[in-house]
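Each chain is listed here by its residues.
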Amino acid sequence: MKKKKNSSLERRGAAEIQSRKKRRKKQRHRVRNMILSILLLILAALCIAGIVYLAGNLTDKKINASEEILTGSENNTQEDNGTASEPEKSESEDDTYGESEKSEPEDDTFGEPDESAAVEETENTEKTEKTTIQVGDVTFHGDFSYEMDENTVVPPDRDVLSSNSILIDLSTDRVIAAKDAQTRIYPASMTKILTVLVAAEHVTNLDDTFTMTSDITGYCLTQGCSAAGFVGGEVIPVRDLFYGTILPSGGEAAVGLATYVAGSQEAFVELMNEKLEELGLSDTAHFTNCVGIYNDDHYCTVADMAMILKAAVENDFCREVLSAHVYYTTKTEQNPEGIILSNWFLRRIEDKDCGGEVLCAKTGFVAQSGDCAASYEISAGGIPYICVTVNTYSSWRCIYDHVAMYKMYAK
């Protein structure tokens, strides 16, 4: 009996030991599974966070791309105007330029430019000797010729999408970079640079006034021109007409200014073409209106437009108008709060890395020339440059082309 009891106790003891082992094993499995579950949850959370981050970036890029395409589409709806009105955008938008990585061109050396504030010019380029130019507060003068040589490079299409472009170093009048710079183009609202230049040379009292007419506003409406916001019967200071012509590219402001100066747009256009002849550009440039409305006989080259902008920058008041980012017009009966005018090219490019500061600019658009612009910059090295680009697909792309030209070639 004792043996049977002992044997039974031994079996129960062994069974209990086995049971304890199984319980411990299950406990270990539960702990291990719990740890694995926690690790999997952490891993899943990290994966989800990464996906959300990537999706957010892709969404931002798509939104920016859509906004740029939308801007181009809105511009292209006004086929015959001088410059399509640009919708306001946040100034914190994506400021990366170009659709591909920027690489240095094979040949971008042009000799060492003089970086002093005043550059002494003594060379004779076939015409007259150039006078000393002063970068600070401008005063270029001299002739309006430019020189291309073996060091002039063609900007790569991957960086500058505009079909026509030019960058001129005004301290030497050398063309640093150019693409189809002497091919005839339709200047669109870049025309208005010459409009304000000719007007500035004839206006003696900026505080004088001009009464806007319904004929002028009607003409600009039927031509699909951009508008500053002046209306028929409104008594406007002549000064405001200058700013209305440049900042919002107002067609009614340009025709009003022309009418004030010469009595009619037709008479004013004669003065514009006389100015082209004075600048030595009449062989390749001819204008038919003061707004930039498309006409087969209204043409120039990007090189011509660069010289027109140079002449305008030399004029103190024109430079003041072309450099204004925002302007508030005088309060009138028709516009009791005044009108806020903006130069969106300058406001959008001001935070971009251009290797200097873009000080003056005027944009343009007609269907035959796409989006275009002319701008003036003083580089970080103190060298003055003028850049003109024509024919790209949106106003933002036009800005990025100017950024690329200055960034790659300005010294």
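All of the points below concern the structure found in this document. (Residues numbered from 1 in each chain as written. Predicted model: local features only at pLDDT ≥ 70, side-chain atom pairs only at ≥ 80, totals over all residues. Heavy atoms only, no water.)

Remarks on the overall build of the chain
Reasoning step 1: Scanning the chain from N- to C-terminus turns up 10 helices and 11 strands.
Reasoning step 2: Counting the 411 residues in the chain, one finds 48% classified as buried.
Reasoning step 3: Within the chain, contacts between residues at least 6 apart in sequence are counted, and of these 67% link residues at least 24 apart.
Reasoning step 4: As presented, the chain carries roughly 20,000 Å² of accessible surface, and 52% of it is formed by carbon and sulfur atoms. (Helix = DSSP H or I, 4+ residues; strand = E, 2+ residues; numbered from the N terminus. Buried < 20%, exposed > 50% of the residue type's maximum accessible area, 1.4 Å probe, protein only. Contact = heavy atoms within 4.5 Å. Areas by Shrake-Rupley, 256 points an atom, 1.4 Å probe, with all protein chains shown as cover.)

Describing the sheet that holds strand E3 (residues 164–169)
Reasoning step 1: Overall, antiparallel pairing links the five strands, which are arranged E4-E3-E11-E10-E9 in an open sheet. Strand pairing shows two members of the sheet lacking a second neighbour, strand E4 (174–179) and strand E9 (356–366), which therefore form its edges. Neighbour-to-neighbour, the strand axes of this sheet turn through a mean angle of 10 degrees, independent of strand direction.
Reasoning step 2: Pairing geometry for E9 and strand E10 (residues 370–379), over 10 bridges, is antiparallel. Bridge pairing in E10 places Gly 364 opposite Cys 372.
Reasoning step 3: In the packing of helix H10 (residues 395–409) onto the sheet, contacts are made with E3, E4, E9, E10 and strand E11 (384–392), and the angle to E11 comes to roughly 140 degrees. (Pairing = 2+ DSSP bridges. Axes fitted to C-alpha atoms, helices over the stretch in contact; angles between N-to-C directions.)

A closer look at the packing of helix H2 (residues 191–202) against helix H7 (residues 302–314)
Reasoning step 1: At a closest axis distance of 9 Å, the pairing of H2 and H7 adopts a crossing angle of 35 degrees. The hand of the H2/H7 crossing is left-handed. Judged by residue contacts, Thr 191, Ile 193, Leu 194 and Leu 197 of H2 engage Met 305, Ile 308, Leu 309, Ala 311 and Ala 312 from H7.
Reasoning step 2: Here the contact of H2 with H7 is built from residues that sort into eight nonpolar, one polar and no charged. (Left-handed = near helix turned anticlockwise from the far one by under 90°. Nonpolar A, V, L, I, M, F, W, Y, C, P; charged D, E, K, R; others polar.)

So, unusual backbone geometry
Reasoning step 1: Although it is not a glycine, Asp 173 adopts a positive phi angle of roughly 60 degrees.
Reasoning step 2: On the secondary structure map, Asp 173 appears in the loop between E3 and E4.
Reasoning step 3: With a relative accessible area of 4%, Asp 173 lands in the buried category.
Reasoning step 4: For Ser 249, which is not a glycine, the phi torsion comes out positive at approximately 60 degrees.
Reasoning step 5: Within the secondary structure layout, Ser 249 lies in the loop between helix H4 (238–246) and helix H5 (251–262).

Regarding H10
Reasoning step 1: Along its 15 residues, H10 runs 22 Å from first to last C-alpha, staying within 8% of the 21 Å computed at 1.5 Å per residue.
Reasoning step 2: Of all 15 residues that make up H10, 14 are buried, and the element is covered over most of its length. (Expected span 1.5 Å × (residues − 1).)

Quick notes on H2
Reasoning step 1: Given a rise of 1.5 Å per residue, 12 residues ought to cover 16 Å, and the 17 Å separating the end C-alpha atoms of H2 matches this to within 8%.
Reasoning step 2: Most of H2 is tucked away, with 10 of its 12 residues classed as buried.

A few points about the pattern of salt bridges
Reasoning step 1: Per the counting criterion, the structure on display carries 11 salt bridges.
Reasoning step 2: Between Arg 239 and Asp 207 there is a salt bridge, with its nearest N and O atoms 3.2 Å apart. Separated by 32 residues along the polypeptide, Arg 239 in helix H4 and Asp 207 in the loop between H2 and strand E5 (209–211) bring together distant segments of the chain.
Reasoning step 3: In this structure, Glu 278 engages Lys 275 in a salt bridge whose closest nitrogen and oxygen atoms are separated by 3.0 Å. Linking Glu 278 with Lys 275, this pair stays in helix H6 (residues 265–278), spanning three residues, or about one helical turn.
Reasoning step 4: A cluster of three or more residues bridged by salt bridges with shared partners is formed by Glu 201, Lys 275 and Glu 278. (Salt bridge = Lys/Arg side-chain N within 4 Å of Asp/Glu carboxyl O.)

Thoughts on a positive patch on the surface
Reasoning step 1: Residues Lys 21, Arg 23, Arg 24, Lys 25 and Arg 28 make up a contiguous surface patch of positive charge.
Reasoning step 2: Counting through the fold element by element, Arg 28 comes out in helix H1 (residues 2–76). (Patch = residues over 30% accessible without salt bridge, like charges linked within 9 Å, V, L, I, M, F, W, Y side chains within 5 Å. Lys, Arg positive; Asp, Glu negative; His and termini not counted. Charge placed at Lys NZ, Arg CZ, Asp CG, Glu CD.)

Some thoughts on the pairing of E10
Reasoning step 1: Among the 10 residues in E10, nine count as buried, and that is most of the element.
Reasoning step 2: Hairpin connection, E9 to E10: the antiparallel pair is bridged by three residues.
Reasoning step 3: Two strands pair when backbone bridges link them, and E10 and E11 are joined in this way by seven bridges, in the antiparallel orientation. Bridge pairing links Tyr 376 to Ile 386 in E11.
Reasoning step 4: Where E10 folds back on E11, the antiparallel hairpin that results is connected by four residues, among which Gly 382 adopts a positive phi of roughly 85 degrees.

What about the nonpolar core?
Soluble, globular proteins show a tendency: their nonpolar side chains are buried together.
Reasoning step 1: Grouped together as the largest cluster of nonpolar side chains are 74 residues, with contacts concentrated most on Ile 166, Phe 242, Met 305, Ile 308 and Val 388.
Reasoning step 2: Looking at this core element by element, the count peaks at 10 residues for H7.
Reasoning step 3: Contact partners of Met 305, with chain neighbours within four places excluded, come to Pro 187, Met 190, Thr 191, Ile 193, Phe 287, Cys 300, Ala 374 and Val 388.
Reasoning step 4: With 26 residues, the next largest nonpolar core counts Val 160, Val 403, Tyr 406 and Ala 410 among its residues. (Core = buried A, V, L, I, M, F, W, Y, C linked by side-chain atoms within 4.5 Å.)

A closer look at a nonpolar patch on the surface
Reasoning step 1: On the surface, a cluster of nonpolar side chains totalling about 780 Å² of accessible area is made up of Val 31, Met 34, Ile 35, Leu 36, Ile 38, Leu 39, Ile 42 and Leu 46.
Reasoning step 2: If you trace the backbone, Ile 38 turns up in helix H1.

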